[in-house]
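# Structural overview for review
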Amino acid sequence: MKPSPFDYHRPAGLGEALQTLAETGSHGKVLAGGQSLIPLLNMRLAAPGHLVDINGLTELATISADASGVRVGALARHAAVERAGSARAVQPLLAQALALVAHPVIRNRGTVVGSLVHADPSAEMPAVLALLGGSVRLARLGGERDVHARDFFVGPLESACLPGEMAVSAFFPALPERSGTAFCEVARRHGDYAVAGVAAAVTLDEDFRITAARVACVSVGPVPVVVDVTGVCGPRPPASVDWDEVARAVQDRIEPEDDIHATAGYRRHLTGVLVTRALRGAAQDAAQSTAHDAGEGRA
Amino acid sequence: MTTKLFGERVQRREDARLITGQGRFLDDLGANALAAAFVRSPHAHARIRDVDVSAALDVEGLVAIYTWEDLPGLLAEPLPLLIPHPALTHGRTGHALARDVVRHVGEPVVMVVAADRYVAEDACSLIEVDYEILKPVVGVEEAAEAVNLVHADVPGNVGAHLVQEVPSPEGLSAREAIEAAPHTLAFRLDIERSASMPLEGKGVYARWDADDQSLRVYSSTQTSTSVRMAVAAKLGLPLPKVEVIAPDVGGGFGVKIVHPWPEEILVPWAARLLDREVKWTEDRREHFISSAHERAQVHHVRVGFDDDGRVLGLDVNILHDHGAYTPYGIIVPIITSTQLVGPYKIGAYRVEFSSIYTNTVQVTPYRGAGRPQGVFCMERTMDRIAAHLGRDRTEVRAANFIQPGEFPYDQGMTFQDGRPLIYDSGDYPESLRMLKELIGWDSFPAMKAEAAAEGRAIGIGVGCYVEGTGVGPYEGGHVQITSDGRVHVSTGLTSQGQGHETVFAQIAATELGVPIEKVSVVTGDTRRFGYAVGTFASRAAVMSGNAIALACRKVRDKALKVAADALEADPRDLEITDGVVHVAGTPSASIPLATVAVLSNPLRYAFDKETQRATQFAGPQDDDRPPVADGEEPGMEGKDYYSPVRSTFASGMHAAIVETDPLTAEIKILRYVVVHDCGKLINPMIVEGQIHGGVGQGVGGALYEKMVYDEHGQLLNASFMDFLMPYATEVPRIETAHLETPSPLNPLGVKGAGEAGVIPVSAVIAAAIEDAEGITIDRMPISPSDLYSLRAETRLRKTQ
């Protein structure tokens, strides 16, 4: 379990990194937290000729939040994002999801943007980006582009990031007022990739009726499966929603497969259960923030 | 200050070293050694047509490439079949490097030696082996149908077949007794494959000393003395010229008792041939596909019983999946067969097993070694009987218990050590009473009803076992007190983190009356002790513990004799306290053990003030007696061996309460309770640690671990990503209580404790899930997905 030979680059700045990536093209690979890449290298499942280590580019270790959302730089570790109060205030789903990502030692090292580029359909962060309709900023020598989440996840372990490009940041939009979120999953062991998992976002109106409801499901398709269930849920108060019908609406859209840990049937069933749990949790979260806002308004 | 340490919760002396990174494991040694790596078969069954190494020859740093054709003499012969048995009519072992046919994915084909492991693996990747693919045999039942053969010369894929029959006291055979019984049941029970999976894999590091013509080998092994004999024999070296040392070993759990592994003879051979240090450290993928697995068995059970649930006849047929080879014989199915009967008096018993070859990794003992399967059979049978009769599950067990007055109890079979299966002591009714009290067995129905009212499903399960521990043939101990008052203890068996440095020091300190700080312990180093068997079968405390105690008693007798001369006292009036020999009741008449050690060795030369007292011109002496009397030896040391007539039988009972989620089918262990009897406790804290680790592995076997082979014989989950072992978060808090029924077979009255924790866990968890769900559980492990499927099948059956 030792990697194949590769050339190691440790650029001093972003420009140098992009230069190297431009020169190495499809033979170049960016090393950030290394929590997926290093095992792939050691098992010789990946054998890039050039490794571009961006751990020296501290200017990419940024987390900035404003009313529109949270932008996370390529070198921001999971743990830093999880603990960032400003990010939590603007987009609480980040911290809710990150608590479910592996274990603390992995979160200390792994990066949010790295997880997005790795594009594992069982991972939490791609589902969060997909649910929120966020985007990833891809830089290349002499330019950059923003790719919407719906176009970014192409297939299992396949993103829209092209040879010569590097994901420099990701943007997680804030939700409208009176919104709430939740992330529910079942993993075989604490911290494992989820057998099934559901991220949910719900928005209420002033009368606590659901006006928007969306879920993103993990481990049940080649990419995170986003389903808008506003039509099945609203406009009704959460207590009068037919949750079984909502679950069925999502189950109709997913494509789970058998693997050694679970059957497709179990994954489908579990996704239904988690859809209900996550949406109810998100609706409760939204109701609390609505009540909180109302309270502040009175004050 | 007291020096009675036997039985105390003494802190583990090795932990400070191990948890601060000061341990020296195999890969910490030999920083400048060449590295070995292996090309291993990617196919489950194939004929090697050709090996082309030409592309690898240009790799910079390459030193050597070896295939089977390069191996001289005995190295080219098949690896030893360590434990032959008359029933193992078709035992087969592999070669150190595959000769012409590979029989499982991972079998070593080519060895590469290079400047470092990176280069060695680069070279491996360039070696091309041309294989003719043969039909793989996967799955024990498919293998038993023998459509294809694993070994062309083994008909039916049957390596071994053994029947043991114990008639009832009335002379009925098991089948007759079942026919005649008022009630009968028949069912099938399955256990899947798992593996020892120590944190540290295997590893070998060898140094050849050309000037001295001697070889030193470090191996992460459970038996350094046997590796030494195997290496000396395979390499044709004189035994005194070979030293084998087990350094700190990061777990074994059985897999490292197998020897010699191919690498254990190839690496020393290459080191000698190249006259360079060579090291091989197994990586995790290699450990998954090239070491050993265990557990997989299919059991067909028939039982006949009376209205009280007493078992009148039991007939068990076992299909044992042996993998590709049988280097460790048929120990595992023999243990399942014999230990299955547990703490019970079975009217008449018949057990038959067929040991079947498959194109998968070989099967050798893993902690528990066939007992978890046997206990799963017996305890599931007890639960079925209780369900059939509508009786309490513990009542049915109690009705079958061997009673305290019935020891020694002869089960009428031959155990794994070739000796009669005779239990030496135990108190099963008391153990069950303690267990029921601890878990709250009698109040559980109310608790269950309360949970049900809240929409929660909980269940309780119980499991009992008896474990033959401390199998022979022997272990030895050597004890030396040096003139600085230190006590040096050595024994040949090895340590893998169990706490031997602590418990053996406790024994020595107690026997000799010295502070434990004065005692140091060395294990598994053939330079210090040459004769030993190894660490397996829960035998270290029983075997080496007693040997060390006996050696200490010899040293103590000698010390008292020397001290008696010096103090002009009767040795029978002397005691040793805190390292000082003194006349009982007269503390002033005393002499330190250090001085006694000096006096025990009459010197010609004084090299310090202390030794001046022992020179031939020092003190009064009898001119008519030689300085070293007849029958005496200079120095304060002693050696002794412990060799038992047969194993001593520990026992225990576990109970668990689990909760199953009605929606997600997740399974959570709410409580786990253990009553444990390993005779006299040397260190209760270390015994509890052994139980905790064992239960942890048991939880793995019950809820998580399986080796998933596809129909081509590819292991689909050969990494820690997909082979799930429980984390600390998946292992419940374990509540323990001890019962002590001393063994009458050994001086310390101890029984083994190493494997106990793992044995009944699958049986207990299955019973608890069955109780929570009302669904029969007959195969383990069980995942939430499995439980979901079982629920669906049950619903379907009910609606049909």
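Computed from a predicted structure; not experimentally measured.

### Details of the overall build of chain A
Regarding its fold elements, chain A presents 12 helices and 14 strands. Expected size for 299 residues packed as a compact globule is a radius of gyration near 19 Å; at 20 Å, chain A falls within 12% of this value. For chain A, the spread of C-alpha atoms along the three principal axes comes to 60 × 50 × 30 Å. A buried classification covers 50% of the 299 residues belonging to chain A. In chain A, the proportion of contacts linking residues at least 24 apart, taken out of those at least 6 apart, comes to 64%.

### Remarks on the interface of chain A and chain B
The interface is formed by 17 residues belonging to chain A together with 24 residues belonging to chain B. When the residues that make up the side of chain A that touches chain B are grouped by side-chain class, the tally is 9 nonpolar, 5 polar and 3 charged.

### Some thoughts on the domain arrangement of chain B
Residue and element names in this part refer to chain B. Considered domain by domain, chain B is made up of domain 1 (33-134 + 202-281), domain 2 (390-468 + 645-799) and domain 3 (473-600 + 635-642). Between the C-alpha centres of domain 2 and domain 3 the distance comes to 38 Å. Between domain 2 and domain 3, the residue contacts involve 15 residues of the former and 15 residues of the latter.

### Re the nonpolar core
Residues A:Val128, A:Ala199, A:Val202, A:Val215, A:Ala278 and B:Ala508 are the most contacted members of the largest nonpolar core, which totals 280 residues. Among the elements that line this core, the one with the most residues is helix α14 (residues 540-567) of chain B, at 16 residues. Filtering out sequence-adjacent residues up to four positions away, B:Ala508 remains in contact with B:Val479, B:Val487, B:Val489, B:Val519, B:Ile548 and B:Cys552. In this structure, B:Ala36, B:Tyr66, B:Tyr205 and B:Val267 belong to the second largest nonpolar core, which totals 54 residues.

### Let's talk about the packing of helix α5 (residues 224-235) of chain B against helix α6 (residues 262-274) of chain B
Describing two packed helices takes the angle between their axes plus the distance from one axis to the other. Residue and element names in this part refer to chain B. The interhelical angle for the contact between α5 and α6, taken along N-to-C directions, is 55°, at an axis separation of 10 Å. Classified by the interaxial angle, the pair formed by α5 and α6 is oblique. With respect to the hand of their crossing, α5 and α6 are arranged in right-handed fashion. Of α6, the residues touching α5 (which contributes Val-227, Ala-230, Val-231, Lys-234 and Leu-235) are Glu-264, Ile-265, Pro-268, Trp-269 and Arg-272.

### Overview of the domain arrangement of chain A
Residue and element names in this part refer to chain A. If you check the domain split of chain A, you get domain 1 (7-53), domain 2 (58-173) and domain 3 (179-293). If you average the C-alpha positions of domain 2 and of domain 3, the two centres end up 21 Å apart. At the interface, 19 residues of domain 2 touch 19 residues of domain 3. Mapped onto the side of domain 2 that touches domain 3, the elements with two or more residues apiece are α5 (93-98), α8 (124-132) and β8 (153-155).

Analysis parameters
Residues numbered from 1 in each chain as written. Chains lettered and ligands numbered in written order. Predicted model: local features only at pLDDT ≥ 70, side-chain atom pairs only at ≥ 80, totals over all residues. Helix = DSSP H or I, 4+ residues; strand = E, 2+ residues; numbered from the N terminus. Rg over C-alpha atoms; globule rule 2.2 N^0.38 Å. Buried ≥ 20, exposed ≤ 12 C-beta atoms within 10 Å, placed from the backbone. Contact = placed C-beta atoms within 7 Å. Nonpolar A, V, L, I, M, F, W, Y, C, P; charged D, E, K, R; others polar. Domains from an automatic or database assignment. Core = buried A, V, L, I, M, F, W, Y, C linked by C-beta atoms within 7 Å. Axes fitted to C-alpha atoms, helices over the stretch in contact; angles between N-to-C directions. Parallel < 35°, antiparallel > 145°, perpendicular 65-115°, else oblique. Left-handed = near helix turned anticlockwise from the far one by under 90°.

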